[in-house]
Number of protein chains: 2
Amino acid sequence: MSTVAPRLRFRDAQIEMAHGAGGKASRRLVEGLIAPLLLGPNAAELSDAAGVSVNGASLAMTADSFVVKPLRFPGGSIGELAVNGTVNDLAVAAAKPEALVVTYVIEAGLPTEELEAEVRAMAGAAARAGVAIVGGDTKVVEHGKADRMYITTAGIGSPLPGVVLSPRTVRPGDVVMVSGPVGDHGITILLARGELEIEATLASDTRSVFPFVEALAKAAAPGLRWMRDPTRGGVATSLNELARDARLAVILREDSIPVRDPVRGACELLGLDPLHIANEGQFLAVVAPEYAEAALDAIRRAGCHEAAIIGEIREQPAATLLGATAYGGTRVIDMLVGDPLPRIC
Amino acid sequence: MSTVAPRLRFRDAQIEMAHGAGGKASRRLVEGLIAPLLLGPNAAELSDAAGVSVNGASLAMTADSFVVKPLRFPGGSIGELAVNGTVNDLAVAAAKPEALVVTYVIEAGLPTEELEAEVRAMAGAAARAGVAIVGGDTKVVEHGKADRMYITTAGIGSPLPGVVLSPRTVRPGDVVMVSGPVGDHGITILLARGELEIEATLASDTRSVFPFVEALAKAAAPGLRWMRDPTRGGVATSLNELARDARLAVILREDSIPVRDPVRGACELLGLDPLHIANEGQFLAVVAPEYAEAALDAIRRAGCHEAAIIGEIREQPAATLLGATAYGGTRVIDMLVGDPLPRIC
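**Side note on the interface of chain B and chain A**
Okay, step 1: In this assembly, 80 residues from chain B lie in contact with 80 residues from chain A.
Okay, step 2: At the boundary of chain B with chain A, the tally comes to four salt bridges.
Okay, step 3: Where Arg232(A) meets Asp137(B), a salt bridge forms, and the shortest distance between an N and an O atom there is 2.7 Å.
Okay, step 4: Counting every contact that joins chain B to chain A gives 27 residue pairs in polar contact (both at pLDDT 80 or more).

**Observations regarding the side chain of Ser179(B)**
Residue and element names in this part refer to chain B.
Okay, step 1: Looking at the element boundaries, Ser 179 is found in the loop between strand 8 (175–178) and helix 4 (184–192).
Okay, step 2: You can call Ser 179 buried: its relative accessible area is 2%.
Okay, step 3: In contact with Ser 179, not counting residues within four places along its chain, are Arg 207, Gly 281, Gln 282, Phe 283, Ile 299, Cys 304, Glu 306 and Ala 307.

**Remarks on the packing of aromatic side chains**
Okay, step 1: Scanning the model with the defined rule gives zero aromatic pairs over all chains in all.
Okay, step 2: Over the ring of Phe66(B) we find Lys139(A), and its NZ or CZ is 5.4 Å from the ring centre.

**Some details on the sheet that holds strand 11 (residues 284–287) of chain B**
Residue and element names in this part refer to chain B.
Okay, step 1: If you trace the seven strands from one edge of the open sheet to the other, you get 9-11-8-12-10-13-14, paired in mixed fashion. If you trace the sheet from one side to the other, it starts and ends with strand 9 (224–228) and strand 14 (330–332), each paired once. Between one strand and the next, the sheet's axes are offset by a mean angle of 25°, whatever the strand orientation.
Okay, step 2: When strand 10 (residues 249–253) meets strand 12 (residues 308–314), the two strands line up antiparallel, connected through four bridges.

**As for the packing of helix 5 (residues 210–220) of chain A against helix 8 (residues 292–301) of chain A**
Each pair of packed helices gets described by two things: the angle between the helix axes and the distance between those axes.
Residue and element names in this part refer to chain A.
Okay, step 1: Contact geometry of helix 5 with helix 8 gives a least axis separation of 8 Å together with a crossing angle of 150°. In terms of axis orientation, helix 5 runs roughly antiparallel to helix 8. Remark: the crossing between helix 5 and helix 8 carries right-handed chirality. Contact with helix 5, carried on its side by Phe 212, Ala 215, Leu 216, Ala 219 and Ala 220, involves Ala 294, Ala 295, Ala 298 and Ile 299 of helix 8 and no other residues of that element.
Okay, step 2: Grouping the constituent residues of the contact of helix 5 with helix 8 by class yields nine nonpolar, no polar and no charged.

**A look at the sheet that holds strand 2 (residues 57–66) of chain B**
All names here are of chain B.
Okay, step 1: Pairing is mixed across the open sheet formed by five strands, whose spatial order is 1-2-7-5-6. The open sheet has two edge strands with one neighbour each: strand 1 (50–54) and strand 6 (132–141). On average, each strand axis in the sheet is inclined to that of its neighbour by 25°, with strand direction left out of account.
Okay, step 2: Sheet topology places strand 5 (residues 95–107) next to strand 7 (residues 149–159); 11 bridges connect them, and they run antiparallel. The residue of strand 7 that forms the bridge with Lys 96 is Ser 158.
Okay, step 3: Contacting strand 2, strand 5, strand 6 and strand 7, helix 2 (residues 78–91) runs over the sheet at an angle of about 145° to strand 2.
Okay, step 4: Each of strand 5, strand 6 and strand 7 touches helix 3 (residues 112–129); the most contacted strand, strand 7, lies at about 15° to it.

**Let's talk about the relation of the copies chain B and chain A**
Okay, step 1: Rotating chain B by 180° and moving it 0.0 Å along the rotation axis overlays it on chain A with an RMSD of 0.0 Å. What we have between these two chains is a two-fold relation. Taking the C-alpha atom as reference, chain B places Ala146(B) closest to the rotation axis, 2.3 Å from it.
Okay, step 2: Both copies share a contact surface, since 100% of the interface residues of chain B are interface residues in chain A too.

**Considering the environment of Leu269(A)**
Okay, step 1: You can see Leu269(A) is positioned in helix 7 (residues 261–270).
Okay, step 2: Given a relative accessible area of 63%, Leu269(A) falls into the exposed group.

**Section: helix 3 (residues 112–129) of chain A**
Okay, step 1: For helix 3 of chain A, spanning 18 residues, the distance from its first C-alpha to its last is 26 Å, which sits close to the expected 26 Å at 1.5 Å a residue.
Okay, step 2: Positioned one or two residues after helix 3 of chain A, Gly130(A) has a phi angle of 70°, which is positive.

**What to know about the environment of Cys267(B)**
Residue and element names in this part refer to chain B.
Okay, step 1: Here Cys 267 is to be found in helix 7 (residues 261–270).
Okay, step 2: In sequence terms Cys 267 and Met 177 are 90 residues apart; their C-alpha atoms lie 22 Å from each other.
Okay, step 3: Not counting the four nearest positions on each side in its chain, Cys 267 is found in contact with Ile 187, Leu 272, Asp 273, Pro 274 and Ile 277.

What counts, and at which threshold
Residues numbered from 1 in each chain as written. Chains lettered and ligands numbered in written order. Predicted model: local features only at pLDDT ≥ 70, side-chain atom pairs only at ≥ 80, totals over all residues. Heavy atoms only, no water. Contact = heavy atoms within 4.5 Å. Salt bridge = Lys/Arg side-chain N within 4 Å of Asp/Glu carboxyl O. Polar contact = N/O pair within 3.5 Å; in protein donor to acceptor, adjacent residues only side chain to side chain. Helix = DSSP H or I, 4+ residues; strand = E, 2+ residues; numbered from the N terminus. Buried < 20%, exposed > 50% of the residue type's maximum accessible area, 1.4 Å probe, protein only. Phe/Tyr/Trp six-rings, centres within 6.5 Å; stacked < 30°, edge-to-face > 60°. Lys NZ or Arg CZ within 6 Å of the ring centre and 35° of its normal. Pairing = 2+ DSSP bridges. Axes fitted to C-alpha atoms, helices over the stretch in contact; angles between N-to-C directions. Parallel < 35°, antiparallel > 145°, perpendicular 65-115°, else oblique. Left-handed = near helix turned anticlockwise from the far one by under 90°. Nonpolar A, V, L, I, M, F, W, Y, C, P; charged D, E, K, R; others polar. Least-squares fit on C-alpha atoms with pLDDT ≥ 70 in both. Expected span 1.5 Å × (residues − 1).

Set out below in structure tokens:
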């Protein structure tokens, strides 16, 4: 703990929904207030899995709270998100998920069957992800002091051998890939709320990405530079962070990014960019060019049939995410601003 | 994960405040529904720190959510509770707290200064406890969907050498000790709510108990059988669990249990038993009789000046907590039933 009081840059008078949306406002809150106080000036980002050494063993550790609304939606529920979200934070830190702990904050009056459904969903997701749930806690608050239930999971994992991930290892010429179609989760939640006059066959992509990460690491460990699961804030926010942290340009070939028709349609209707929509079962990877083919092949064979190379790293314009169209145009793609889709996970 | 569907004994139709109070109803929910589904039939209790092996290293892992109301009270605040609570769960599992992760669920509209105060409180408590906060997450829910903020902490620790804790190692003749006065935290919260016409000089006991546990382990490791931090449900609930799990009797000498006057007074006024009131900076230990004096001396010298031997283990009546008065009378002391003090931590 530093004895020098950190300078806090966060000046907003109160906390708003956008501070939890995963985009620019979240960054400002975490980097301007929480991380400097809790983690000190040289902190890694609060949202990443952290490396910890205990009893001579290296491990990764992470935690996430889940407040998604509604609790259940096509393709999953809060319980599955809570397991897969923490599993995926470990996976993209190149750690094999080993154990989870779980806590529930429950609103008094919740029907037991709703709790039971989520506990069962968590047990199933944990079994599918090959991770043990080893403990936890339950709190109950008065009716009206929570929205049915909030779930928090924390997890530890063991580092995959031979993988060193850091934006500092990213080089011009490196290749950017995504494991599958983007935006399914966020648009599914939006539709599940029933506030839109849109009918679409779409389901959340919630799943553990660890099997794909493991296959990728086996095929391309020496060339694997960076990974991230683009949840809140979407692909655009994750890649903006990469561009900023690496001080390089990330250039996307926009027509190579897989987006399902219902996601594209809903986004057009709502004026949203699919690259800002949350995913819960996809990951981004940056790979050295000589490993790109092997890497893509490995994650496709592991089950990500729609995985694609979507862009590359360049020197300039530094710290910028650019989208390039097939017609030769480019646009600067910003992080998510505001909170168009609250409580998405 | 067992493939045999567990039989669920929990039959309540909905979740009520008492299910989060740490007493009998909490037991029924955890043991009758959550633990069988998540942890399998041979699960340790969900509320304890669990032993995990990662990369060849043994460690302990635990998580707790904190929903205390009000956020700040004499002697501490939700931030300090959130650090010390998880630190203490590790400590009483005979593990040295190594790293924490923290998540916030924040109600939109919370003044930033309230969040900042709790983040600072956590940083201070972590520094005092010698534990690193290494990561976390922040979610925001709409105004009216949380009560200011809820905090969850998860922690890992490294086992103290030479200590094997289990109710199964407890033997008749073993000695029960407590680290200090009981009930300070719970009554402090009750008074801080201002719903009672009582004025009292009292503060929460929230603190890390690890230094005392470490001193105890150094002095008495081979004779140390069992420890617990008697939070929700108090000393009576923890010792009932011990009696039940060990299939032995725990006999308390009631006049030897340290209770401050304001706690005793408030309890008398409210018809509460100090043994049911939550503590956040005390622990219970069961020690073999030949180590009792050294153990008590060690935790007193480490700073628990009011630590006391409060009872002993006997064969009969099995699975029962008995209180014995100075006049020779005895009473059966039950676990906490209902929820007289909601949202105490």
